[in-house]
Amino acid sequence: MPLGSMPGEWEPEAGAPEAGAQDSSAPTAAALPTRVEIIPTAGIVDAVLTQLSVSTTVTVTCLPHHGLERTMAAALELADHGYNVVPHLAARSVESRQQLAAMVRSCVAGGITEIFAVGGDKQSAAGPYGSSASVMKDLAELSGGLLSMGVGGYPEGHPAITDAQLLDDLRAKAALADYLVTQMCFSPDVIAAYLATLWEEGIDLPVWVGVAGAVPRTKLISLATRIGVGSSLRFISGKGSLGLRLLGGSRYSPDALVAGMAALPAPPAGIHFYSFNSLDSLVPTSA
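Since we're looking at a predicted model, the values are computed, not measured.

> What am I meant to see in the environment of Ala 212 here?
As for its position among the elements, Ala 212 is in strand β7 (residues 207-212). Overall, Ala 212 belongs to the buried group, its relative accessible area being 0%.

As C-alpha cells, this is what we get:
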C-alpha cells in the first residue's frame with residue numbers, strides 16, 4: 001500500500017461484495033460505539049439510506065482516481081439526509097489552499113463537523129500538501145476550530161515507515177487531532193499493546209479500532225497481506241477452532257473480534273468498520 005494511506009482507501013475489485021449483497025453473518029450490536037466507512041462508488045448513497053440508520057456515523061474515503069469531488073458529493077448528500085458524515089481528506093489530492101478552503105466552506109455549510117486527514121495514495125502531490133500533517137495545519141486555520149480532525153494509526157507498523165517515524169509523525173499531529181483510527185487489525189492483544197504504547201508516549205487521543213466488516217475470507221486474507229497486517233491475521237489463524245469461528249468459515253465475521261476489543265481492561269473509544277461497501281452485514285450503534 002502506498003505511503004500514508006489507510007486500509008479504507010481501497011476500491012472494490014471485480015468479485016468483491018457489492019452494497020446490498022445478502023449475507024447471513026451479520027454481527028450483533030457492539031458494546032462499543034461504531035462507525036462505518038464507505039467508498040463513494042455509484043449507488044452507495046442509496047445503499048446507505050436503505051441499510052444504515054440515520055444515527056450511524058458514516059465516513060467516506062478519498063481515492064486518487066475519484067478525487068475530493070466524489071468524496072464531498074457523497075458526504076454532503078448523506079449529511080443532507082441527516083447522517084453524521086466524516087469525509088476523508090487525502091492531502092496529496094488537494095490541488096491548492098483555495099480548493100481546501102472551498103472544501104471547508106462546503107463542510108461547514110452542509111453541517112459536517114469532522115474530517116479524517118490522510119496522506120493519500122497519489123504517488124506525487126497535486127498541490128502544496130505532501131502529508132496529512134501539512135494539510136492539518138491549514139485545515140485548523142481555515143476552519144477556525146469548527147472542524148474536528150481524525151488521523152490514522154498503525155498498530156502493526158507500516159511497510160514503508162519505521163515505527164519510530166510513525167510515532168514521531170503522530171506526536172506532531174496529536175496537537176491538532178481529536179481522535180485516531182487504526183489500520184485494520186484482528187487481535188485485541190495487538191490493540192492493547194498499541195494503546196499502552198501511545199499512553200506511554202503521552203499520546204492520549206481517543207482510539208477507534210479499525211475492524212473489517214463481513215467479507216469473503218479469501219478477500220480478507222488478500223487485503224491483510226497487501227496492507228501489512230498479516231501478523232494479527234496469523235494470530236487468529238493459529239487459534240484452532242477459535243480462529244475458525246473468528247474467520248467465520250468461508251466468510252469472516254467480526255463478532256468475536258469486536259467482543260474481544262470491548263472486553264479489554266482499557267477498551268478503545270469505539271469500532272471503525274471497514275465495510276468495503278457491504279453494508280447489510282453491519283448493525284452499528286450510534287457513534
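> Help me understand helix α10 (residues 255-262), please; the structure alone is not making it clear to me.
In an α-helix, one turn spans 3.6 residues; hence positions three or four apart end up facing the same way. Considered for burial, the residues of α10 that qualify are Leu 257, Val 258 and Met 261. Axial view of α10: buried residues confined to an arc of 100°, hence all on one face.

> What is the right way to read the environment of Ser 143 from this model?
Secondary-structure assignment places Ser 143 in helix α4 (residues 132-143). Residue classification places Ser 143 among the buried residues on the basis of a relative accessible area of 6%. Ser 143 sits 36 residues away from Cys 107 along the chain, and the two C-alpha atoms are 9.4 Å apart. Within the local environment of Ser 143, its side chain forms a polar contact with the backbone oxygen of Leu 139, the two atoms lying 2.8 Å apart.

> When you look at the nonpolar core in this model, what are you seeing that I'm missing?
Buried together is how nonpolar side chains tend to be arranged in soluble globular proteins. Ranked by size, the top nonpolar core spans 68 residues in total, and within it Ile 38, Val 48, Leu 78, Leu 89, Leu 180, Ile 271 and Leu 279 carry the most contacts. In terms of residues, this core owes the most to one element, helix α2 (residues 67-80), which gives 6 residues. The residues touching Ile 271, leaving out its near neighbours within four places in the chain, are Leu 32, Pro 33, Thr 34, Arg 35, Trp 208, Val 209, Val 211, Val 258 and Met 261.

> Please explain the packing of aromatic side chains as it appears in this structure.
To describe a pair of aromatic rings, you give the distance between the ring centres and the angle between the ring planes. In total, this model carries 0 aromatic pairs according to the counting rule given. Geometry around Tyr 179 places Arg 35 over its ring, the cationic atom sitting 5.2 Å from the centre. Over the face of the ring belonging to Trp 208 we find Arg 35, whose NZ or CZ atom lies 4.7 Å from the ring centre.

> What should I look at first to understand the sheet that holds strand β3 (residues 84-90) in this one?
Backbone-to-backbone hydrogen bonds join strands into a sheet, with any given pair of strands oriented parallel or antiparallel. Here we have 8 strands rolled up into a closed barrel, ordered β1-β2-β3-β4-β5-β6-β7-β8, and parallel in their pairing. Ignoring which end each strand starts from, the neighbouring axes of this sheet average 30° apart. With 4 bridges connecting them, strand β5 (residues 148-153) and strand β6 (residues 179-184) associate as parallel partners. Its bridge partner being in β6, Gly 152 is matched across the sheet by Val 181. Contacts from helix α3 (residues 97-109) reach β3 and β4 (114-118) within the one sheet, and its direction differs from that of β3 by about 175°.

> Before we go on, may I ask you to explain the packing of helix α1 (residues 44-51) against α2 in this structure?
The geometry of a pair of packed helices is captured by two quantities: the angle between their axes and the separation between those axes. Packing of α1 against α2 leaves a shortest axis separation of 10 Å and a crossing angle of 30°. In this view, α1 runs roughly parallel relative to α2, as classed from their interaxial angle. When the axes of α1 and α2 are compared, the crossing they make is right-handed. For the pair α1 and α2, the contacting residues are Val 45, Val 48 and Leu 49 in the first and Ala 74, Glu 77 and Leu 78 in the second. Its residues assigned to classes, the contact of α1 with α2 shows 5 nonpolar, no polar and 1 charged.

> Would you explain unusual backbone geometry in this entry?
With the exception of glycine, most residues fall at negative phi, and the peptide bonds are largely trans. Positive phi, close to 50°, is recorded for Phe 276, a residue that is not glycine. Among the secondary structure elements, Phe 276 is positioned in the segment after β8 (270-274). Residues other than glycine seldom take positive phi values, yet Asn 277 does so here, at roughly 65°. Along the chain, Asn 277 falls in the segment after β8.

Calculation rules
- Residues numbered from 1 in each chain as written.
- Predicted model: local features only at pLDDT ≥ 70, side-chain atom pairs only at ≥ 80, totals over all residues.
- Heavy atoms only, no water.
- Helix = DSSP H or I, 4+ residues; strand = E, 2+ residues; numbered from the N terminus.
- Buried < 20%, exposed > 50% of the residue type's maximum accessible area, 1.4 Å probe, protein only.
- Arc of directions from axis to C-beta.
- Polar contact = N/O pair within 3.5 Å; in protein donor to acceptor, adjacent residues only side chain to side chain.
- Core = buried A, V, L, I, M, F, W, Y, C linked by side-chain atoms within 4.5 Å.
- Contact = heavy atoms within 4.5 Å.
- Phe/Tyr/Trp six-rings, centres within 6.5 Å; stacked < 30°, edge-to-face > 60°.
- Lys NZ or Arg CZ within 6 Å of the ring centre and 35° of its normal.
- Pairing = 2+ DSSP bridges.
- Axes fitted to C-alpha atoms, helices over the stretch in contact; angles between N-to-C directions.
- Parallel < 35°, antiparallel > 145°, perpendicular 65-115°, else oblique.
- Left-handed = near helix turned anticlockwise from the far one by under 90°.
- Nonpolar A, V, L, I, M, F, W, Y, C, P; charged D, E, K, R; others polar.

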